[in-house]
Amino acid sequence: MLNFIYYPVSWILWFWHKVFGLALGNDNGFAWALSVVFLVFTLRLVLYWPFVKQVRTTRQMQQLQPKIKELQKKYKNDRQKMALEMQKLQKEHGFNPLMGCLPVLAQVPVFIGLYHVLRSFNRVGVTSGIPGFGHSGGMSAYANAHTANYAFGVDDVQSFLRARIFGAPISAAITTPKSQMEAFADYGGIPEISHMIAVAVPLMLIAGLATHFNARASVARQRATGVSVDPTGMGGGGSPSPMGPNQAELMNKLALYVFPLGVIVGGPFLPIAILLYWVSNNIWTFGQQHLVFKQIEKEEEHKKQEALERRAQNAPKPGAKPDNRRKRGPATTEAAVDTTADGSDAPVDAPVTDDSTASNGTGQSKNGTTPSKNGTAKSGKSTASSGKSTGQGNRKRSGNRGRPNQKRRR
């Protein structure tokens, strides 16, 4: 039914068993346990870049939080309208919430495939489970040991039955029926329940604690950034949550306490290999999230430093006045001035009116000179070579010099 899942999972498991079997031996229980662990690592390594991409996208979507809160406040009495507006907002910004669940969704088929392949190593006893998912098959002990299991041949099946971790086979659970334990009778003997408990219980506790600490780290990031990051420990990304604060707090409590407790309570019904899968998956998740978020925070800090450096380069130098000059039209910024011999300037076109040549009502200047016929004043104290007037010291300069000329030139 789901052979397209079972065969790839069994081939990866077979590959890692051959790798560790060369070093530890094919029948060694730790070789089979490490093959399960590295099956998890292989999957998580394949999903690493999608996870990083999703985390980057999620952190970029933090800017939508104010808009999301506005929508929640605006449509708090209309859930359907709020959901439509959320979808519209996400579509406008190119954000797909499904991408946040991709790493988790990709692991579900692997979990199902691994569970079924491990159960298929022991198909002894009455038919149990759901066909295609953990179906035991109801074989005899001899038939089970001489029947291939997907990518595993007969020799591999018998090697798996002989493998032990501190006396416990990794395909068995604490609650495995005695009828199924008969499959191990000719391959190392029927395992004792005390050995099963001694191996399974510590793994259950470690799996529960690992799930709790992953959820704890996720909740801490959520409260710091407003973005959730896979509180289940399955390696998902996360997204700005459309839930209200009460619902989000409820989900956080479930992730912190209910999910870890569920792993511990359900542990006796899970094969030891599945508990190994859960522990190794949570360990990878914890390390991956720490590494990825630390790297992204460094990149964001580097971008901030670059922005500050660009701003500092564009800022005026210390002591320099900012250039606030407005743009002016051509030929309006310079006034036409004529410089006299002593360095004083006067407008070129403006008639020079000197107090020394101004008439005092009698046609005679104050210093005794009289205007000539062509309108120029003759002064006894001024010479043509210097062009300097003796009445210059008494001349009153106007504060609007040059402005009549500027207006006329415009």
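An unreviewed UniProt entry lists the protein under the name Membrane protein insertase YidC, with Nocardia jiangxiensis given as the organism. In UniProt, the protein has this text filed under Subunit (unreviewed entry): "Interacts with the Sec translocase complex via SecD. Specifically interacts with transmembrane segments of nascent integral membrane proteins during membrane integration." Reading the Sequence similarities (unreviewed entry) entry of the UniProt record for the protein gives the comment "Belongs to the OXA1/ALB3/YidC family. Type 1 subfamily."

> It is not clear to me how the overall build of the protein should be interpreted in this structure. Could you clarify?
Scanning the protein from N- to C-terminus turns up 13 helices and two strands. Across the 410 residues in the protein, those meeting the buried criterion constitute 38%. Taking the intrachain contacts of the protein between residues at least 6 apart in sequence as the baseline, contacts between residues at least 24 apart amount to 66%. When the accessible surface of the protein is totalled, it reaches about 24,600 Å², and 59% of it is carbon and sulfur.

> I tried to follow the UniProt feature "transmembrane region" (unreviewed entry) in the protein on my own but got confused; where do I start?
Per the UniProt record, the feature "transmembrane region" (unreviewed entry) sits at residues 30–51, 95–118, 193–213 and 254–279. Each end of residues 30–51 is marked by a C-alpha atom, and these two atoms are 30 Å apart; helix forms 95% of the span and strand 0%.

> I would appreciate a short explanation of a nonpolar patch on the surface in the present structure.
Taken together, the side chains of I193, I197, V201 and L205 make up a nonpolar region of the molecular surface, amounting to roughly 310 Å² of accessible area. When you line up the elements, I193 lands in helix α10 (residues 193–225).

> Help me understand the confidence of the model for the protein, please; the structure alone is not making it clear to me.
Detailed conclusions should not be drawn from predicted coordinates in areas where pLDDT is low. Averaged over every residue, the pLDDT of the protein is 74; the share at 70 or more is 66%. The lowest-confidence element of the protein is strand β1 (residues 337–339), averaging 44 in pLDDT; the highest-confidence one is helix α1 (residues 3–24), averaging 94. Across residues 237–243, confidence stays below pLDDT 50; counting only partners more than four residues off in sequence or on other chains, it has 32 contacts.

> What's the story with the nonpolar core in this structure? I'm lost.
Among soluble globular proteins, nonpolar side chains are generally buried collectively. Core analysis: the largest hydrophobic core is formed by 45 residues, its most contacted members being L114, F121 and I272. Contributing elements (two or more residues each) for this core: α1, α2 (29–46), α6 (102–119), α8 (154–162), α10 and α12 (272–314). Of the residues forming this core, the biggest block, seven residues, is contributed by α12. Not counting the four nearest positions on each side in its chain, I272 is found in contact with A168, P169, I170, A172, M196, V199, A200 and L203. Membership of the second largest hydrophobic core comes to eight residues, among which are M61, L71, M86 and L89.

> Looking at this model, I keep getting lost on the pattern of salt bridges. Mind explaining?
Side chains that carry opposite charge are capable of pairing whenever their charged atoms lie near each other. Applying the stated rule across the entire model yields three salt bridges. Here K18 ties to D156 by a salt bridge, and the two come within 3.3 Å at their closest N and O atoms. Taken as a pair, K18 in helix α1 and D156 in helix α8 lie far apart in primary sequence, 138 residues in all. We classify K18 as partly exposed; its relative accessible area is 27%. Across the salt bridge formed by E85 and K81, the nearest N and O atoms sit 3.4 Å from each other. Taken together, the residues E85 and K81, both in helix α5 (residues 79–92) and four residues apart, mark about one turn of the helix. Exposure remark for K81: the relative accessible area of 33% places this residue in the partly exposed category.

> Quick question: what am I supposed to make of the packing of α6 against α12 here?
The relative placement of two packed helices comes down to the angle between their axes together with the axis-to-axis distance. Between α6 and α12, the shortest axis-to-axis distance is 10 Å and the interhelical angle comes to 155°. One way to sum up the angle between α6 and α12 is to call them roughly antiparallel. Classified by chirality, the crossing of α12 by α6 is right-handed. Between α6 and α12, the residues in contact are Q107, V110, F111, L114, Y115 and L118 and A273, I274, Y277 and N281, respectively.

> Hey, could you run me through the packing of aromatic side chains in this one?
When we look at a pair of aromatic rings, we describe it by the centre distance and by the angle of the planes. Per the stated rule, a full pass over the model turns up 17 aromatic pairs. Ring plane angle 75° and centroid distance 5.8 Å describe the contact between W32 and F121, whose orientation is recorded as edge-to-face. Residue W32 is found in helix α2, and its partner F121 is found in the loop between α6 and α7 (141–145); the two are separated by 89 residues along the sequence. Under the relative-accessibility criterion, W32 is labelled buried at 1%. Judged by relative accessible area, F121 falls into the buried class, the value being 0%. In textbook terms, an aromatic cluster arises when at least three aromatic residues are bridged by ring pairs, as seen for F15, W16, F20, F38, F41 and W284.

> How should the side chain of N144 be read in this particular structure?
You can see N144 is positioned in helix α7. The class for N144 is buried, based on a relative accessible area of 0%. A polar atom in the side chain of N144 sits 2.8 Å from the backbone nitrogen of R123. Excluding residues within four positions of it along the chain, N144 makes contact with S120, F121, N122, R123, V124, M139, V157, L161 and A183.

Each value, and the rule that gives it
- Position numbers for residues count from 1 along each chain, tracking the sequence in the order it is written.
- Owing to the predicted nature of the model, reporting of local features is limited to residues with pLDDT of at least 70; listing and counting of side-chain atom pairs is limited to 80 or more, with chain, interface and lining totals taken over all residues.
- As a convention, hydrogens and water are excluded, and side-chain values are obtained from all of the structure's heavy atoms.
- UniProt positions are given in the numbering used here, feature names are shortened, and annotations may be inferred rather than shown by experiment.
- Here a helix means four or more residues in a row that DSSP labels H or I, a strand means two or more in a row labelled E, and each is numbered from the N terminus.
- When a residue's accessible area, from a 1.4 Å probe over protein chains only, is under 20% of the maximum for its type it is buried; when over 50% it is exposed; and in between it is partly exposed.
- Here, residues are in contact when the closest pair of their heavy atoms is within 4.5 Å.
- Throughout, the Shrake-Rupley method with a 1.4 Å probe supplies accessible areas, and for residues the shown protein chains are the sole cover considered.
- For patches, a residue must show more than 30% relative accessible area and have no salt bridge; joins then use 9 Å for like charges and 5 Å for nonpolar side chains, namely Val, Leu, Ile, Met, Phe, Trp and Tyr.
- Here, a salt bridge means any side-chain nitrogen of Lys or Arg that lies within 4 Å of a carboxyl oxygen of Asp or Glu.
- Confidence of the predictor at the level of single residues is given by pLDDT, which spans 0 to 100.
- What is meant by a nonpolar core is a set of buried Ala, Val, Leu, Ile, Met, Phe, Trp, Tyr and Cys residues, joined one to another through side-chain atoms within 4.5 Å.
- The convention used is that axes are lines fitted to C-alpha atoms, helices contributing only their stretch in contact, and that angles between N-to-C directions extend from 0 to 180 degrees.
- In these notes the angle categories are as follows: under 35 degrees is roughly parallel, over 145 is roughly antiparallel, 65 to 115 is roughly perpendicular, and the rest is oblique.
- By the definition used in this description, the sense in which the near helix is turned from the far one sets the handedness, with an anticlockwise turn below a right angle giving left-handed and a clockwise turn giving right-handed.
- Between 30 and 60 degrees the pair is tilted, below 30 it is stacked and above 60 it is edge-to-face, where a pair is any two Phe, Tyr or Trp rings, Trp via its six-membered ring, whose centres lie within 6.5 Å.
- In protein, a polar contact means a hydrogen-donor-capable atom and an acceptor-capable atom, both N or O and within 3.5 Å, with residues adjacent in sequence counting only if both atoms are side-chain atoms; elsewhere, any N or O pair within 3.5 Å suffices.

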